[in-house]
Amino acid sequence: MRLDKYLKVSRLIKRRTVANEACDGGRVSVNGKIAKAGTEIRPDDVIEIRFGTRTLRVQVLAVNEYAGKDEAAALYREVI
């Protein structure tokens, strides 16, 4: 699955266009490398998103095309 779509489905970022802009701005990295919106995401990848001064690191647990509000949090776990 594409990175921008995963960020939207997992509800880490609300809209896919915003996820796309974050990737284009270099604020998202996958496994330590700055990633483009089309980067393929697989289970066990580590995604790091920089929101201003705050950084969020998550590990991908599952990749689903669709996820409801309750299922979205089960797609990843926060890494410290």
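The structure this text deals with has already been given above.
Below you will find a few notes about this structure. None of these values were measured; they are calculated from a predicted model.

Points about the nonpolar core
Here's step 1: Counting residues in each nonpolar core, the largest one holds 22 residues, and the members touching the most others are Leu-3, Tyr-6, Leu-7, Val-28, Ile-41 and Ile-47.
Here's step 2: Mapped onto this core, the elements with two or more residues apiece are helix 1 (3-9), helix 2 (16-24), strand 1 (28-30), strand 3 (46-51) and strand 4 (54-60).
Here's step 3: In terms of residue count, the dominant contributor to this core is helix 1 (four residues).

Thoughts on the pairing of strand 3
Residues in a regular strand project their side chains so that they alternate between the two faces of the sheet.
Here's step 1: Of the strand pairs in this sheet, strand 1 and strand 3 are connected by three bridges, and their pairing is antiparallel. Of the residues in strand 3, the one forming a bridge with Ser-29 is Glu-48.
Here's step 2: Bridging between strand 3 and strand 4 involves six bridges; their strand directions are antiparallel. Residue pairing across strands places Arg-50 opposite Thr-55, the latter belonging to strand 4.

Topic: the sheet that holds strand 3
Here's step 1: Ordered in space as 2-1-3-4-5, the five strands form an open sheet in which the pairing is antiparallel. The open sheet has two edge strands, strand 2 (33-34) and strand 5 (76-78), and neither has a second partner.

Things to note about the pattern of salt bridges
Side chains that differ in charge, positive against negative, can pair when their charged atoms come close.
Here's step 1: Evaluated as defined, the whole model comprises five salt bridges.
Here's step 2: A salt bridge links Lys-5 to Glu-65; the nearest nitrogen and oxygen atoms lie 2.7 Å apart. Here Glu-65 lies in the loop between strand 4 and helix 3 (69-72) and Lys-5 lies in helix 1, a separation of 60 residues in the sequence.
Here's step 3: Exposure remark for Glu-65: the relative accessible area of 43% places this residue in the partly exposed category.

Points about the packing of aromatic side chains
Here's step 1: In total, this model carries zero aromatic pairs according to the counting rule given.
Here's step 2: In this structure, Lys-5 packs its charged tip against the face of Tyr-66, placed 5.9 Å from the ring centre.

Some thoughts on the environment of Glu-21
Here's step 1: Mapped onto the secondary structure, Glu-21 falls in helix 2.
Here's step 2: Look at Glu-21 and you get exposed, because its relative accessible area is 52%.
Here's step 3: Separated by 17 residues in sequence, Glu-21 and Asp-4 have C-alpha atoms that sit 9.0 Å apart.

Rules behind the numbers
- Residues numbered from 1 in each chain as written.
- Predicted model: local features only at pLDDT ≥ 70, side-chain atom pairs only at ≥ 80, totals over all residues.
- Heavy atoms only, no water.
- Core = buried A, V, L, I, M, F, W, Y, C linked by side-chain atoms within 4.5 Å.
- Buried < 20%, exposed > 50% of the residue type's maximum accessible area, 1.4 Å probe, protein only.
- Helix = DSSP H or I, 4+ residues; strand = E, 2+ residues; numbered from the N terminus.
- Pairing = 2+ DSSP bridges.
- Salt bridge = Lys/Arg side-chain N within 4 Å of Asp/Glu carboxyl O.
- Phe/Tyr/Trp six-rings, centres within 6.5 Å; stacked < 30°, edge-to-face > 60°.
- Lys NZ or Arg CZ within 6 Å of the ring centre and 35° of its normal.

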